[in-house]
Amino acid sequence: MIARDSTHPAAPARRRRSRLGSLAAAALSAALPGCVDAVTVDQPPPPPALAVNESRTLTLEFLRFDAKRFAKTLTLDELKAIPRPTLEAIWLLDLDIAALIENALLKVMYMPPAEIDALSPASKNLVGLLNMTPENADLRGTSLEGLLGVGNAVGLPTSKILSDLVGVAGNERLIPVQITSQAVLENLVSTHPNTQRRRGPPNDEHPDGIYPVAPHSIPVTLYDVVTDFAGLAEQFGPTSLDPDDPEGPKHPGFIKAAAGVKAALDDFTMTVRVNVNALPYKGVDATMADVASINSTPGQIDTLFDFSEPDWLELANLARNLSIGELTLAIPESAMHLPGGTSREPTPRGDSPVWEQPLWEFEHILARAGELKAAQIEDHCTSYGPQGTSTSEFQPVKVCIDDTGWTEISVDDSVVVDERPSPSYFWDILLEVAQARLHDGGLAEGEADLEVTLRDVPVGVKTEDLVASIKENLAKDPAVLKDMAIELNNNAAGDADFYLYQPSTESGVAGQRDYLYFVAPDDIRKDDEGARVRDYAYEDPGFFADAALTKKVSTTEEIDGDALHEKVEVQQGDTLYFADDEGRRYEIKIGDKPSAHRLSLTLTRIQ
């Protein structure tokens, strides 16, 4: 068994007790032939900080324990214990939710009568709109109401005109669910800031750490999986359109509530296989003038996982059919009536004010659905005689739609009707009818916001496809796993400013060359909540040949895959200078090598 050191008594705030990372402990335990009783060793208190012109001699060791294809299995409880920021930083995939939105709309369309009765008036009207066909279309209160008079005059069913105009059967929905779903995705879902961008590790292509999200998708992190998507409503509810202006204009969101998502079963496990030096690097905390430990994991991310092996990552016991037990979708309506247009100009949509309204409002979504449907309708003209025939010489009604969606319904002057329909685009007709029906039941403008709670909505993705996407994405960008790997192998202690590193030679032997590496931001240790214990406040990181810090001798040359750290090769008798994160300056004199993997140095505070 591995002995753990006890806490330094009265340790300063900048330091904390040494602990062996769980990955390192597990790897070492697996390597030992047996276990011994744990032993607690009381460490002496840390030495006092250096005064100006005071010196202290320290000895650093370079240690390695290489674990090859070491398997670390984490249970659901162990994953949940990892700090939330770490889990949220592990992006798994952009989940296409086109199927989810379509499934949700189908749930609304086929909702049982008892559930419809429990809906708000506006949501009841939505059910009717989604199921609107030529046969059941209610034209009362619209400019098409005059067609009812035409029908009475010549025996022409209104449904016949609508059916032929749209090219659907009398009992077929005017707007198919696939088109409605596309309009909702484009106008409501894809305009939400959190479906447009996500955070990730900064790199050359994304120096700000902001990544685009795939169209019609939501970004999924490991936090979402292990918490059963507990943050859906928060993430995709109302939010500022500009993340830099939280008080500015807001997107209303599209998920008001979500519960009963089961992504990871209770016996879910995540297994990673790694090739890692499980021991920390030894360095110097200049503030304390003492030896400190740096987690060695960040510098090994590029070699940590062998992606050529299919079992480098295994996710066991994910839910077979991912679904949302209870989902409340919300769509706002405009506070004003938005009439359909009556002019072709401005092309290609006409003069309806609906196009000037926010994309996510229900009326704009309806108009977009009509535009999408119009693109599928072939241009044609149909004339009708009495009783809806086309053989009579007297054909008082003519209906035309061209390839732009412009629609004209002409009625002969001999037919007496109260009002003749004005020419307009197809979507203007749909918008006018839908707005009238949305407010059935005495709802005023602005009172018809839609909110529908649905149950057992399938997400529409297979578990095996989910796992394959996760593995592919992580293999492309293993840096997203860095924080979790650090957490698993959390063996940092103290707050080193630099540390000793010995590169491997061509023969695989380390210890022939000594380098000092200056710490990088990734080396700053984190607390139990995943927050860095201090800022990376070094104004002049690296090593210099002069006390004024004007002649830098360190570089970021790549050694063993590391091109991040400022580093310099040292030999006995060398003198270097550096400044710590509080601006104090120090001199380093390199001493002798007590053994191949040990190096002595004298640290002097000079300012």
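Residues numbered from 1 in each chain as written. Predicted model: local features only at pLDDT ≥ 70, side-chain atom pairs only at ≥ 80, totals over all residues. Heavy atoms only, no water.

Q: How would you summarise the environment of V533 if you had to cite specific residues and measurements?
A: Tracing the chain through its elements places V533 in the loop between β21 (514-518) and β22 (567-570). Put simply, V533 and D495 are 38 residues apart on the chain and 9.2 Å apart in space, counted from C-alpha to C-alpha. Residues contacting V533, with those up to four places away along its chain left out, are D495, I524, R525, K526 and D527. (Helix = DSSP H or I, 4+ residues; strand = E, 2+ residues; numbered from the N terminus. Contact = heavy atoms within 4.5 Å.)

Q: An account of the pairing of strand β14 (residues 321-331) is needed here, citing residue identities and associated values.
A: For β14, the buried fraction is high: eight of the 11 residues fall into the buried class. Note that strand β9 (residues 255-259) and β14 share four bridges and pair antiparallel. Pairing of A259 across the sheet is with E326, part of β14. Where β14 lies against strand β19 (residues 450-462), nine bridges are found, and the strand directions are antiparallel. In the sheet register, E326 faces β19, and the bridge partner there is R455. (Buried < 20%, exposed > 50% of the residue type's maximum accessible area, 1.4 Å probe, protein only. Pairing = 2+ DSSP bridges.)

Q: Can you break down the sheet that holds β9 residue by residue, with the values?
A: One open sheet accounts for three strands, arranged β9-β14-β19; its pairing is antiparallel. The two strands at the open ends of the sheet, each matched to only one other strand, are β9 and β19. Strand-to-strand twist in this sheet, taken as the mean axis angle between neighbours without regard to direction, amounts to 30 degrees. (Axes fitted to C-alpha atoms, helices over the stretch in contact; angles between N-to-C directions.)

Q: Describe helix α8 (residues 158-166), naming the residues involved and giving the relevant values.
A: Taking burial as the measure, the nine residues of α8 include seven buried ones, the bulk of the element. Those residues of α8 lying buried are T158, S159, I161, L162, S163, L165 and V166.

Q: Just give me the short version of the packing of helix α9 (residues 177-189) against helix α13 (residues 362-374), but keep the residues and values in it.
A: The geometry of a pair of packed helices is captured by two quantities: the angle between their axes and the separation between those axes. Between α9 and α13, the shortest axis-to-axis distance is 9 Å and the interhelical angle comes to 130 degrees. For the element pair α9 / α13, the angle class is oblique. The handedness of the crossing between α9 and α13 comes out as right-handed. Two secondary-structure elements touch here, α9 through I179, Q182, A183, V184, E186, N187 and L188 and α13 through H364, I365, R368, A369, L372 and K373. Among the residues making up the contact of α9 with α13, the classes are represented as seven nonpolar, three polar and three charged. (Parallel < 35°, antiparallel > 145°, perpendicular 65-115°, else oblique. Left-handed = near helix turned anticlockwise from the far one by under 90°. Nonpolar A, V, L, I, M, F, W, Y, C, P; charged D, E, K, R; others polar.)

Q: I'd like to hear about the sheet that holds strand β18 (residues 424-425), residue by residue, with values.
A: Overall, antiparallel pairing links the four strands, which are arranged β15-β16-β17-β18 in an open sheet. In this open sheet, the two strands that pair with only one neighbour each are β15 (380-384) and β18. Judged from the five bridges that link them, strand β16 (residues 397-401) and strand β17 (residues 406-411) form a sheet pairing that is antiparallel. Within the sheet, the bridge partner assigned to I401 lies in β17 and is T407. Of the strands in this sheet, β15, β16 and β17 touch α8, which is tilted by about 160 degrees from β15.

Q: Can you explain the packing of aromatic side chains? Please cite residues and give values.
A: Applying the stated criterion across every chain yields a total of 21 aromatic pairs. Relative to F578, the ring of F498 lies with its centre 5.3 Å away and its plane at 75 degrees, an arrangement referred to as edge-to-face. In this pair, F498 is assigned in strand β20 (residues 498-501) and F578 in strand β23 (residues 575-579), connecting sequence segments 80 residues apart. With 5.5 Å between their ring centres and 40 degrees between their planes, Y499 and Y517 make a pair best called tilted. In this pair, Y499 is assigned in strand β20 and Y517 in strand β21, connecting sequence segments 18 residues apart. For the pair shown, Y499 and Y517 are each scored as buried. Stacked on the ring of W91, the Lys or Arg R198 has its end atom at 3.7 Å from the ring centre. Here the guanidinium or amino end of K567 rests over the ring plane of Y517, the centre of that ring lying 5.1 Å away. (Phe/Tyr/Trp six-rings, centres within 6.5 Å; stacked < 30°, edge-to-face > 60°. Lys NZ or Arg CZ within 6 Å of the ring centre and 35° of its normal.)

Q: How would you summarise the state of the cysteines if you had to cite specific residues and measurements?
A: According to the stated counting rule, one finds one disulfide in the structure shown. Here C381 is linked by a disulfide to C400, with a sulfur-sulfur distance of 2.0 Å. The sign of the 120 degrees torsion about the S-S bond sets the C381-C400 disulfide as right-handed. In this pair, C381 is assigned in strand β15 and C400 in strand β16, connecting sequence segments 19 residues apart. (Disulfide = S-S within 2.5 Å.)

Q: Tell me what's going on with unusual backbone geometry, and back it up with residues and numbers.
A: At the junction of E345 and P346, the peptide bond is cis and its omega measures out at -5 degrees in the coordinates. Here P346 shows up in the loop between β14 and α13. The peptide bond linking T347 to P348 adopts the cis configuration, its omega dihedral lying at 5 degrees. Relative to the helices and strands, P348 resides in the loop between β14 and α13.

Q: Talk me through the confidence of the model for the protein chain; I want residue IDs and the actual numbers.
A: Overall, the prediction assigns the protein chain a mean pLDDT of 87, with 89% of residues at 70 or greater. Note on residues 31-41: pLDDT under 50 across the span, and 13 contacts to partners over four residues away in sequence or across chains. (pLDDT = per-residue confidence, 0-100.)

Q: If you had to explain the nonpolar core to someone new, which residues and values would you point to?
A: Membership of the largest hydrophobic core comes to 123 residues, with the highest contact counts inside it found for L79, I97, L222, M270, L474 and M484. Considering each element in turn, this core owes the most residues, eight residues, to helix α14 (residues 426-438). With near-sequence residues (within four places) excluded, L222 lies in contact with L79, L87, I90, L92, M270 and M484. (Core = buried A, V, L, I, M, F, W, Y, C linked by side-chain atoms within 4.5 Å.)

Q: Break down the pairing of strand β10 (residues 264-277) for me, with residues and values.
A: Among the 14 residues of β10, 11 are classified as buried, and the element is accordingly described as predominantly covered. Alignment of β10 against strand β13 (residues 313-318), held across five bridges, turns out to be antiparallel. Its bridge partner lying in β13, A264 is registered against L318.

Q: Provide a residue-level description of the pattern of salt bridges, including the pertinent values.
A: Scanning the model with the defined rule gives 29 salt bridges in all. Among the ionic pairs, D440 bridges to R437, the shortest N-O distance being 2.8 Å. Ionic pairing is found between D495 and R534, a salt bridge with its closest N-O pair at 3.4 Å. A residue pair is termed long-range when its members are at least 10 positions apart, and D495 in the loop between α16 (482-488) and β20 and R534 in the loop between β21 and β22 qualify at 39 residues. Residue classification places D495 among the buried residues on the basis of a relative accessible area of 2%. Overlapping salt bridges bring together R69, R273, D311 and E314 as one network. (Salt bridge = Lys/Arg side-chain N within 4 Å of Asp/Glu carboxyl O.)

Q: Now, about helix α4 (residues 98-109): what can you tell me, with residues and values included?
A: Its 12 residues give α4 an end-to-end C-alpha distance of 17 Å, which sits within 8% of 16 Å, the value for a rise of 1.5 Å per residue. Every buried residue of α4 is listed here: L100, I101, A104, L105, V108 and M109. On its buried face, α4 is in contact with α6 (121-130), α9, β14 and β19. (Expected span 1.5 Å × (residues − 1).)

Q: Hey, could you go over the side chain of T86 for me, with residue numbers and the actual values?
A: Locating T86 in the fold gives a position in helix α3 (residues 84-88). If near-sequence neighbours (up to four positions away) are discounted, T86 is found in contact with D483 and M484.

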